Amino acid sequence: MIKVTEKDAVNIKVDTDDISVLQEISDFFTFEVPGAKFMPAYRSRMWDGKARLFNMYAKELPYGLLEYLKEFCEQLEYKLKIDLPTHGDLVSEQYVKKFADELNLHSKGQKIEIRDYQLDAVKHGIEGSRTLLLSPTASGKSLIIYTLMRYYQNKHKQQLIIVPTTSLVEQMFGDFQDYASEVDWQATANCHRIYGGKEKSNEFPVTISTWQSIYKFPKSWFEKFDVIYGDEAHLFKAKSLTSIMNKCNTAPYRFGTTGTLDGTKTHRLVLEGCFGPVYKVTTTKKLMDAGDLAHLNVTCLLLNYPDEEKKKVVKYTYQEEMDYLVSNETRNKILTNLSITQKGNTLVLFQYVEKHGKILFERIKNKVKEGREIYFVYGGTDAEQREQIRALTETKNDAIIVASYGTFSTGINIRNLHNVIFASPSKSRIRNLQSIGRGLRKGDKKVNCNLFDVGDDLSWKSKKNYTLTHMVERIKLYNEEGFKYKMVKLDT
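Each value, and the rule that gives it
- Residues numbered from 1 in each chain as written.
- Predicted model: local features only at pLDDT ≥ 70, side-chain atom pairs only at ≥ 80, totals over all residues.
- Heavy atoms only, no water.
- Helix = DSSP H or I, 4+ residues; strand = E, 2+ residues; numbered from the N terminus.
- Buried < 20%, exposed > 50% of the residue type's maximum accessible area, 1.4 Å probe, protein only.
- Contact = heavy atoms within 4.5 Å.
- Pairing = 2+ DSSP bridges.
- Axes fitted to C-alpha atoms, helices over the stretch in contact; angles between N-to-C directions.

Novice: Describe the environment of Phe225, with residues and values.
Specialist: By the element assignment, Phe225 lies in the loop between helix 10 (219–222) and strand 13 (227–231). A residue is classified by how much of its surface remains accessible, and Phe225, at 0% relative accessible area, is buried. Measuring from C-alpha to C-alpha, the distance between Phe225 and Arg150 comes to 15 Å, with 75 residues separating the pair along the chain. The residues contacting Phe225, other than those within four sequence positions of it, are Gln158, Gln159, Leu160, Asn202, Thr207, Thr250 and Ala251.

Listed below in structure tokens is the structure:
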């Protein structure tokens, strides 16, 4: 017999008299960490490269992994007795719809109707009290969070919303103001924002903060919170996220939102342990088919280099190849011309600020026609300025934003974006899907978005170069997501 009781809002206690069963549970929740062999702790033999999610000696398991424990017991036919308090509220679809209607939701002065899949996500959250909502970019995650937040505020719950960047603090706050523009509720009276330079208060009903600003705070600071939200949860640094969630040990209501998981079981289980089981809200393909997202046109622009360059680069390390590409005069000229010849607002995404971003920005600025606005955004651009650039772009039809992946690939809401250019190669599944999402939001007159994925063929004989294999991975992703693409080859 395995008995489950509640230790606190973070962990459940898993007890049995048979120590061999505890060992089996430990093995079941032990996983290889991807890339562990490259980490210093593994190389110095201080760590075996495995993540152990069950503490066999304390007999503790993250609360959100209860469903996996049930699966374990079913597989091995062990009896399981669960003695846990119920925190969720049983609500009908009609109740949730009526509640959402009473919020009188607006955006940009226009009344908006909450969509069926958003209502389903809210209902699922209320009934389960903890979940990881998997919902793609432009599916209205902030509206789901706002609706849940208003529901729990009615129940006098203190709430903490954690986001990965300062830009998203301002955007979330602005979205809340927008949704409530026709009712008495005001974000300024209910929400406090925390990031660099802001007061670290938790006296407001709702606190919106970056995880970087609060993860070192003492446990006592978190004790007031009943409800925790983790927006863009996939971006949280694992140790910092678990540190925050462990300190919130009196908060039984936990909601993570993300558009993408990186495909590894370890990543998923760490997030589910913190928030609860994954609930798939909808998919990008469904939203595009329903006309809720812009139609995506993907052009894979494959640059083919001269043989003498290929012979040289084939011996390079990954970093040497990247340095060669971002400093390549011909490649940067192609990127510049591609940027300035597109119609509509264009987002050019780069990886390295000094080595690439600033160079591209200067080239585009010097070649763009007079009067066309161009902006440069990177980690050193303060949050308010980023928000101003984002808002300005909403009113323009031919602006160019040259931005780092870190600042504009995730969460930034620009409905009036017509073109996205991947100026730097990337193999990150999450980064690529999030970057694509920047262009999928529909605007008043925008129904299509063009993505230009720039790849580089520097392979020599049978040896493929690093960034070409990364492009192959991105093409696999387009196939998985149902995105149509065309391949265009260009000699440099």
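Novice: Tell me about the sheet that holds strand 1 (residues 2–6), and please be specific about residues and values.
Specialist: Judged by pairing direction, the sheet is mixed, and its four strands sit side by side in the order 5-2-1-6 without closing on themselves. Sheet topology places strand 5 (60–62) and strand 6 (80–83) at the edges, where each strand pairs with a single neighbour. The mean inter-strand angle of the sheet, taken between neighbouring strand axes irrespective of direction, is 25 degrees. One ladder, built from three bridges, connects strand 2 (residues 11–15) with strand 5; its direction is antiparallel. In the sheet register, Lys13 faces strand 5, and the bridge partner there is Glu60.

Novice: An account of the side chain of Ser107 is requested, with residue identities and associated values reported.
Specialist: Relative to the assigned elements, Ser107 resides in strand 7 (residues 106–107). The contact partners of Ser107, leaving out residues within four places of it in the chain, are Ile112 and Asp178.

Novice: I'd love a proper account of the sheet that holds strand 9 (residues 130–134), names of residues and values included.
Specialist: The strand order 11-12-10-13-14-9-15 describes an open sheet built from seven strands, whose pairing is parallel. Across the chains shown, the open sheet's two edge strands, defined by having one partner strand only, are strand 11 (191–194) and strand 15 (278–280). On average, each strand axis in the sheet is tilted by 20 degrees relative to the strand beside it, whichever way the strands run. Looking at chain direction, strand 10 (residues 159–163) and strand 13 are connected through four bridges and run parallel. Within strand 13, the position partnered with Ile161 by the bridge is Tyr229. Each of strand 9, strand 14 (253–258) and strand 15 touches helix 5 (residues 116–128); the most contacted strand, strand 9, lies at about 160 degrees to it. Across the face of the sheet, helix 7 (residues 166–179) comes into contact with strand 10, strand 11, strand 12 (206–210) and strand 13 while running at roughly 150 degrees to strand 12.

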